[in-house]
Amino acid sequence: MTRSLFIFEHKKGFFISTESLVFILLTGIVFLLGYLQSTGNFDFGNWIVYFAIIWLLYFIGYVISNFFLQQHKNGEFKGKLELEINTIIVNGAKYELKEISKISIHSSDFEGQTINTQFIFNRHSSNGLNNQLTLKLVNGKEIKCNFLQTKGQRIKNFKSLLTNYYLKGKMSWLHLLEVLEMEDFNEIQIFKKELKE
């Protein structure tokens, strides 16, 4: 049995979107025209009013659209993360479970998930790319990759494979429950019984 997810490689450095650049440009123009007009050496007539209206309409549209649009994908997809019973394959590189001392998975993000942010200029719908798998190898090396999760394609759905990794000592019990998103006490007790059978 093989289950796979797409790997995403984030670009390093600061990212600014086109719509943010347009907003900054419009803001700069409005302030510059206002400042030059206030010096008394320039008379732009109604141009300041026109630009202020354009700026206001753009600002309103920009803020409202951020509640519905998905985060930008700043980077590129590079291969697949493939989980198998005795192997984990990261973009074609194969790692046998016997080579791995620890598996860590952070997988709480998925595409379309609403992001609670205080900053109104941030988009409020996740792109599902802030998930990471880390393999700590027996030789001391660490292999990391980010991966995409959608509503239907999530690593928590690979329950039998994740359970297998736990039973082989590659994940802790608490980490397994975290990845499977099991919080209900009764559900956890049923799961414990399943493992003993």
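Heads up: the structure comes first, above all this text.
Each value, and the rule that gives it
Residues numbered from 1 in each chain as written. Predicted model: local features only at pLDDT ≥ 70, side-chain atom pairs only at ≥ 80, totals over all residues. Heavy atoms only, no water. Salt bridge = Lys/Arg side-chain N within 4 Å of Asp/Glu carboxyl O. Helix = DSSP H or I, 4+ residues; strand = E, 2+ residues; numbered from the N terminus. Buried < 20%, exposed > 50% of the residue type's maximum accessible area, 1.4 Å probe, protein only. Axes fitted to C-alpha atoms, helices over the stretch in contact; angles between N-to-C directions. Parallel < 35°, antiparallel > 145°, perpendicular 65-115°, else oblique. Contact = heavy atoms within 4.5 Å. Nonpolar A, V, L, I, M, F, W, Y, C, P; charged D, E, K, R; others polar. Expected span 1.5 Å × (residues − 1). Polar contact = N/O pair within 3.5 Å; in protein donor to acceptor, adjacent residues only side chain to side chain.

Tallied over the full model, the rule gives eight salt bridges. Linking Glu9 and Lys78 is a salt bridge whose minimum nitrogen-to-oxygen distance equals 3.5 Å. Linking Glu9 in strand S1 (residues 3–10) with Lys78 in strand S2 (residues 75–83), this pair joins segments that are 69 residues apart in sequence. The partner of Glu76 in a salt bridge is Lys78, with the nearest N and O atoms 3.8 Å apart. The exposure class assigned to Glu76 is partly exposed, which follows from its relative accessible area of 45%. According to the relative accessible area criterion, Lys78 is partly exposed, its value standing at 31%. A single salt-bridge network, built from bridges that share partners, covers Glu9, Glu76 and Lys78.

This part takes up the packing of helix H3 (residues 159–167) against helix H4 (residues 173–180). Contact geometry for H3 and H4: axes closest at 10 Å, N-to-C directions at 170°. Here H3 lies roughly antiparallel to H4, going by the angle between them. Contacts between H3 and H4 involve Lys159, Leu162, Thr163 and Tyr166 from the first element and Trp173, Leu176, Val179 and Leu180 from the second. Looking at the contact of H3 with H4 residue by residue, the classes come out as six nonpolar, one polar and one charged.

Time to look at helix H5 (residues 185–196). Between its first and last C-alpha atoms H5 spans 17 Å; for 12 residues at 1.5 Å apiece the expected length is 16 Å, and the two agree. Where H5 begins, the side chain of Asp184 points an oxygen toward the backbone nitrogen of Asn186, at a separation of 3.3 Å.

Secondary-structure assignment places Gln132 in strand S6 (residues 131–137). It is 11 Å that separates the C-alpha atoms of Gln132 and Ile155, two residues lying 23 residues apart in sequence. Excluding its chain neighbours within four sequence positions, the residues that come into contact with Gln132 are Ser104, Ile105, His106, Lys144, Cys145, Asn146 and Phe147.

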